[in-house]
Amino acid sequence: MTGQDKEKSVARQLFEASTVGINLVLCTFAGLAIGYGLDKLFDTSYLKFVFLFMGIVAGFRELFRIAKKQGGNQGAGPAAKDDSKDH
Amino acid sequence: METPNLLHSLLPMFPPYITYSWLAMLILISVAAVVRTRLSLVPSGVQNLMEVFCDFFLSTSKASIGSHYGEKFYPLLGTIFLYILVCNIFGLIPGFESPTSNINMTASMALPVFLIYQYYGIKIHGISYIKHFVGPIRSVAAIPFMIFMFILEVIGHLVRPVTLSVRLFGNMMAKHLLLIILGILAPWILPVAILGLGTLISFIQAYVFMLLTALYLAGAVEEAH
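Asker: Outline the interface of chain A and chain B, listing residues and values.
Answerer: Counting residues at the interface gives 24 residues for chain A and 25 residues for chain B. Buried area between chain A and chain B, summed over both chains or domains, comes out near 2,100 Å², and the portion from carbon and sulfur atoms is 72%. Sorting the residues of chain A by area buried against chain B places A:R12, A:F15 and A:M54 first, and these three jointly supply 28% of that buried surface. In this structure, the connection of chain A to chain B is made through one salt bridge. Across the pair A:R61 and B:E153 runs a salt bridge, and its minimum N-O distance is 2.6 Å. Across the chain A-chain B interface, the total number found is one residue pair in polar contact (both at pLDDT 80 or more). Among the secondary structure elements, those contributing two or more residues to the side of chain A that touches chain B are α1 (3-17), α2 (20-42) and α3 (47-74) of chain A. Residue contributions to the side of chain A that touches chain B peak at nine residues, all from α3(A).

Right, here's the structure in full:
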């Protein structure tokens, strides 16, 4: 990997990492919105909490996905390379 | 304070974000058409710039999506990048308005991206595209976990077009508001600094939109693990 390539990948990782914050927040709200809609649809009151929880988990899952990918990119060995593909 | 708006005074029946998006399309198409008529083996002038852009799109696309599908999708990525870049830069010109500071505009770009990558995911993998959604463990005993993972993935996928559109819209809108407010409060020095920052943000946001599109496409066309 040449110096320029490395710099490029650092910039790319930075931009990818910048998406984490908004993803975390919007996943939570999307979960709540879906739950709220289903509550209205089925005339229940607990589904919004279930889907809010799922939204939070989905947000953290996205976070883990990006973190795993970035960790995989930094490693040098073949194992790390395989890891970067796995997401 | 009502800022003077060039195209809106010429075509008052259309909202400004529509007319400026037409202007962006017109600029991009006419430049491309002019360059196309005088292609030469030894590039010079605008052709040079276009070749650098194309090279950049192709390398980004191949690095993110892989060499096979990278070539297939790089016109899409290039169009998105150039169009958003021109739209963003309109916001820096006095009397112009950037179409991307309207959420209808950004959503109308993010939604096709969402539909395209889902379409190619289904087209390439067929019914086994659902494996992308059910998580790493696949067995009869793990069906409740698979349903749980499926809902998580669906939420994650539904959020993607929202994040794409809100990120671009938010950045452009924030820059716009900051310029207006600082223009009123401290009209001489600070807006210049914000304009510099705005130029940087215009490029970065166009690149981020393209990069995320590439990543979503890559996630859809690759094999599920």
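So, next bit.
Asker: Report on the side chain of B:H157, specifying residues and quantitative values.
Answerer: Residue and element names in this part refer to chain B. Locating H157 in the fold gives a position in helix α6 (residues 143-185). Taking relative accessible area as the criterion, H157 reaches 10% and is therefore assigned buried. For H157, the contacting residues outside a window of four places in its chain are F114, Y117, Q118, Y129 and F133.

Asker: A description of the packing of helix α4 (residues 67-90) of chain B against helix α5 (residues 103-125) of chain B should follow, citing residues and the corresponding values.
Answerer: Residues and elements named next belong to chain B. Direction vectors running N to C along α4 and α5 enclose 175 degrees, while the axes themselves pass 12 Å from each other. Regarding the angle of α4 to α5, the classification is roughly antiparallel. Counted together, Y69, K72, F73, L76, I80, Y83 and I84 of α4 and M105, M109, V113, I116, Y120 and I124 of α5 form the full contact between these two elements. Broken down by class, the residue content of the contact of α4 with α5 amounts to 12 nonpolar, no polar and one charged.

Asker: Any chance you could break down a nonpolar patch on the surface for me, citing the residues and the numbers?
Answerer: All names here are of chain B. On the surface, M13, F14, W22, M25 and I29 cluster together to form a nonpolar patch covering roughly 520 Å² of accessible area. By the secondary structure assignment, M13 is in the loop between α1 (6-10) and α2 (16-37). For M13, a relative accessible area of 59% corresponds to the exposed category.

Asker: Talk me through the environment of B:A33; I want residue IDs and the actual numbers.
Answerer: Note that B:A33 resides in helix α2. Between the alpha carbons of B:A33 and B:Y83 there is a distance of 15 Å; along the sequence they are 50 residues apart.

Asker: Any details on unusual backbone geometry? Residues and values, ideally.
Answerer: Residue and element names in this part refer to chain A. Even without glycine at this site, D43 takes up a positive phi of about 60 degrees. Looking at the element boundaries, D43 is found in the loop between α2 and α3. By relative accessible area, which is 73% here, D43 ends up exposed.

Asker: Lay out the confidence of the model for chain B with the relevant residues and their values.
Answerer: Caution is warranted with low-pLDDT regions, since their predicted coordinates should not be read in detail. All names here are of chain B. Summary statistics for chain B give a mean pLDDT of 87 and a share of 97% for residues scoring 70 or more. Across chain B, the element-wise mean pLDDT spans from 76 in α1 up to 92 in α5. Taken over the whole predicted complex, pTM reads 0.84, whereas the ipTM for its chain interfaces reads 0.71.

Basis of the calculations
Residues numbered from 1 in each chain as written. Chains lettered and ligands numbered in written order. Predicted model: local features only at pLDDT ≥ 70, side-chain atom pairs only at ≥ 80, totals over all residues. Heavy atoms only, no water. Contact = heavy atoms within 4.5 Å. Buried area = accessible area lost by both parts, 1.4 Å probe. Salt bridge = Lys/Arg side-chain N within 4 Å of Asp/Glu carboxyl O. Polar contact = N/O pair within 3.5 Å; in protein donor to acceptor, adjacent residues only side chain to side chain. Helix = DSSP H or I, 4+ residues; strand = E, 2+ residues; numbered from the N terminus. Buried < 20%, exposed > 50% of the residue type's maximum accessible area, 1.4 Å probe, protein only. Axes fitted to C-alpha atoms, helices over the stretch in contact; angles between N-to-C directions. Parallel < 35°, antiparallel > 145°, perpendicular 65-115°, else oblique. Nonpolar A, V, L, I, M, F, W, Y, C, P; charged D, E, K, R; others polar. Patch = residues over 30% accessible without salt bridge, like charges linked within 9 Å, V, L, I, M, F, W, Y side chains within 5 Å. Areas by Shrake-Rupley, 256 points an atom, 1.4 Å probe, with all protein chains shown as cover. pLDDT = per-residue confidence, 0-100.

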